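What the coordinates show
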Amino acid sequence: VADKKKLSGIFRSTAIFSTLAYTLIGLVLGSNFGKNINQSSNLNWKDFTGGTAIYDIDNNLISIAWWAKAISLYVLCFPALDVISAFPLNAMTLGNNMM
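Residues numbered from 1 in each chain as written. Predicted model: local features only at pLDDT ≥ 70, side-chain atom pairs only at ≥ 80, totals over all residues. Heavy atoms only, no water.

1. Quick look at the overall build of the protein chain
For clarity, the threshold we go by: Secondary structure is summarised from DSSP: a helix means a run of H or I of at least four residues, a strand means a run of E of at least two, and numbering begins at the N terminus for each. The atom set for the radius of gyration is the C-alpha atoms, and the globule formula is 2.2 Å times the number of residues raised to the power 0.38. Any two residues whose heavy atoms approach within 4.5 Å at even a single point are treated as in contact. Per-residue and other accessible areas were derived by the Shrake-Rupley procedure at a 1.4 Å probe size, with only the shown protein chains allowed to occlude residues.
Per the secondary structure count, the protein chain includes two helices and two strands. Starting at the N terminus and ending at the C terminus, the protein chain contains elements arranged as α-β-β-α. Its C-alpha radius of gyration of 21 Å places the protein chain more than 25% over the 13 Å reference for a compact globule of 99 residues. Based on the C-alpha atoms only, the size of the protein chain along its principal axes is roughly 65 × 35 × 25 Å. For the protein chain, restricting intrachain contacts to residue pairs at least 6 apart in sequence, the fraction spanning at least 24 positions comes to 25%. Total accessible area on the protein chain is roughly 8500 Å²; 67% of this is exposed by carbon and sulfur atoms.

2. Topic: the pattern of salt bridges
Put simply, the rule reads: Only one rule defines a salt bridge in this text: a Lys or Arg side-chain nitrogen within 4 Å of an Asp or Glu carboxyl oxygen. Relative accessibility thresholds used throughout: buried, under 20% of the residue-type maximum; exposed, over 50%; partly exposed, between the two (1.4 Å probe, protein chains only).
Per the counting criterion, the structure on display carries one salt bridge. For K46, the salt bridge identified is with D47, shortest N-O distance 3.9 Å. In this pair, the class of K46 matches that of D47, namely exposed.

Honestly, that's just the spatial picture; any functional story needs more than this.
Spelled out as structure tokens, the structure:
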């Protein structure tokens, strides 16, 4: 940023946006999952069906739409993939600090 006076506005806007986004996510997860929410919120998506689940007479799950399975898998795996993607940056920083 060439004009350093704009940095405070950029920082303030980013902080406000982040606060609102995380508050919205927390409210949606809390209202949707209630008291049964897991410590890691992505684990709540393990049984996501997107309203496409078909059950038999004994209430056993028969099938789910492919896209619902894909969304569930993506949400479940995203935290691990995010950590893996940050590993090279952390390794380079650690290596540079050790020298």
